[in-house]
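Spelled out, the chains give:
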Amino acid sequence: MQETLNKEKACQEKLSKLKKMPDDVKLNREIAILYVQRHQIEKAEPILEMMPDDIDLNREFGIFYLSKNEMEKALKISEMMSDDVKLNYEFAVTYLEQGQIEKALPYSQKVLDKDPENTTGLLPNLHLEIGATYASKIQSSLSKDAKKYGKNAVKYLQTVIEKYPDSNDVFEHAQFHLGVTYSLTGDFDKSIEVLEKLMNHATDELIKEALPNEIIEVKQLAAHKAAQDYLGVTFSHTGDFEASIGVLEDRMNRHNTDERTRQAVQKEFKKIRQLAAEAEKLATEAETSE
């Protein structure tokens, strides 16, 4: 509440100064930007008409139009400021949030080209957003595209982890998304490794809360897939159901599996034993009929 009052007081003070110095460019810019950020666009427009080439003011208008999905107006400003790092970043993030990654990439590439040293501080989150968007497309894609999306997701997320370890919450979110991405691509061992490592140092409360269940889910998926894989081998080659169970137990023990996951794997054991019993019964009936 107090912060809001302080901002309003500062705004009124600037408006008072503007009455005394109506031609002050800096003051006009500051007032117009305040209006845009408050979504009082009709009050900001006359100032923009007086300062049509002002970069900072045009950028704010562009960001505002993006937030309102008024793409034609936003694109018009983008054409005037095609090399502006911050505006290109906002375009990239807007398209990524809409899942339109192909439209986002040209804008993100401009950001990467114009600010390779991350002087704006925008690159960690940009890599995170691109990686997370690629990851979100894995499950809904055909196998060929899913592999490509997974590879790209890992590339961008690992860039955050390797290049920007001091990016606070972005760094932790990148690790979390990387763990989830590995799970989506079926690389459960890497997924568990990344997520358990994150468990040791996570400070973000939402991530800390989500991690235990995410790790359990990945371990359950790993156990289920192992059961399916080894059961398939059993049927096609040896018929040795007990060996299949032994492999699953070894895998479960190696991963220091929690109780919830152990119970899930035990259910797989039960299924395997039931199938073994059915197979033995069928074999016995076949011998009898002969």
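Residues numbered from 1 in each chain as written. Predicted model: local features only at pLDDT ≥ 70, side-chain atom pairs only at ≥ 80, totals over all residues. Heavy atoms only, no water.

**Section: the overall build of the chain**
Alright, step 1. Helix and strand counts for the chain come out as 14 helices and 0 strands.
Alright, step 2. Taking all 290 residues of the chain together, 41% fall into the buried category.
Alright, step 3. Contacts in the chain between residues at least 24 apart in sequence constitute 50% of all its contacts with a sequence separation of at least 6.
Alright, step 4. When the accessible surface of the chain is summed, it comes to about 17400 Å², and 50% of that surface belongs to carbon and sulfur atoms. (Helix = DSSP H or I, 4+ residues; strand = E, 2+ residues; numbered from the N terminus. Buried < 20%, exposed > 50% of the residue type's maximum accessible area, 1.4 Å probe, protein only. Contact = heavy atoms within 4.5 Å. Areas by Shrake-Rupley, 256 points an atom, 1.4 Å probe, with all protein chains shown as cover.)

**Side note on the packing of helix α8 (residues 123–136) against helix α10 (residues 169–184)**
Alright, step 1. Contact geometry for α8 and α10: axes closest at 10 Å, N-to-C directions at 20°. In terms of their interaxial angle, α8 and α10 are classed as roughly parallel. For the element pair α8 and α10, the recorded crossing hand is left-handed. Counting all contacts with α8, which are made through Pro-124, Asn-125, Leu-128, Ala-132 and Ala-135, the residues of α10 involved are Val-170, His-173, Ala-174, His-177, Thr-181 and Leu-184.
Alright, step 2. A breakdown of the residues in the contact of α8 with α10 according to their chemical character gives 7 nonpolar, 4 polar and no charged. (Axes fitted to C-alpha atoms, helices over the stretch in contact; angles between N-to-C directions. Parallel < 35°, antiparallel > 145°, perpendicular 65-115°, else oblique. Left-handed = near helix turned anticlockwise from the far one by under 90°. Nonpolar A, V, L, I, M, F, W, Y, C, P; charged D, E, K, R; others polar.)

**So, the packing of aromatic side chains**
Alright, step 1. Tallying each qualifying case throughout the model produces 7 aromatic pairs.
Alright, step 2. Summarising the aromatic geometry, the rings of Phe-64 and Tyr-65 are spaced 5.7 Å apart at their centres and angled 65° between planes, so their arrangement reads as edge-to-face.
Alright, step 3. Looking at Phe-64, the relative accessible area reads 8%, which means it is buried.
Alright, step 4. Given the relative accessible area of 11%, Tyr-65 is considered buried.
Alright, step 5. An angle of 40° between the planes, with centres 6.4 Å apart, marks the rings of Phe-91 and Tyr-95 as tilted. In this pair, Phe-91 and Tyr-95 both sit in helix α6 (residues 85–97), 4 residues apart, roughly one turn of the helix.
Alright, step 6. Classification of Tyr-95 as buried rests on a relative accessible area of 7%.
Alright, step 7. Aromatic ring contacts, followed pair by pair, group Phe-61, Phe-64 and Tyr-65 into a single cluster. (Phe/Tyr/Trp six-rings, centres within 6.5 Å; stacked < 30°, edge-to-face > 60°.)

**A short note on the side chain of Asn-58**
Alright, step 1. In this structure, Asn-58 sits in helix α4 (residues 55–67).
Alright, step 2. Ignoring anything within four residues of it in the chain, the contact list for Asn-58 reads Leu-48, Met-51, Pro-52, Asp-53, Ile-77, Met-80 and Met-81.

**Details of helix α2 (residues 25–37)**
Alright, step 1. Counted at 1.5 Å a residue, the expected span for α2 with its 13 residues is 18 Å, and the 18 Å between its end C-alpha atoms agrees.
Alright, step 2. Residues of α2 that are buried: Leu-27, Asn-28, Ile-31, Ala-32, Ile-33, Tyr-35 and Val-36.
Alright, step 3. His-39 lies just past α2 and shows a positive phi near 65°. (Expected span 1.5 Å × (residues − 1).)

**Things to note about the nonpolar core**
One recurring pattern in soluble globular proteins is that nonpolar side chains are buried together.
Alright, step 1. Core analysis: the largest hydrophobic core is formed by 44 residues, its most contacted members being Leu-57, Phe-61, Phe-91, Leu-126, Ile-130 and Tyr-134.
Alright, step 2. For this core, the secondary-structure elements that each account for two or more residues are α2, α3 (41–50), α4, α5 (71–80), α6, α7 (101–114), α8 and α9 (143–163).
Alright, step 3. Top contributing element to this core by residue count: α6, with 8 residues.
Alright, step 4. Those residues in contact with Tyr-134 that lie beyond four places of it in its chain are Ile-101, Leu-105, Tyr-149, Asn-152, Ala-153 and Tyr-156.
Alright, step 5. Within the second largest apolar cluster, 12 residues are counted, among which are Val-180, Phe-188, Ile-207 and Ala-222. (Core = buried A, V, L, I, M, F, W, Y, C linked by side-chain atoms within 4.5 Å.)

**Things to note about the environment of Met-81**
Alright, step 1. Within the secondary structure layout, Met-81 lies in the loop between α5 and α6.
Alright, step 2. Along the chain, Met-81 and Asp-53 lie 28 residues apart, while their C-alpha atoms are 9.8 Å from each other.

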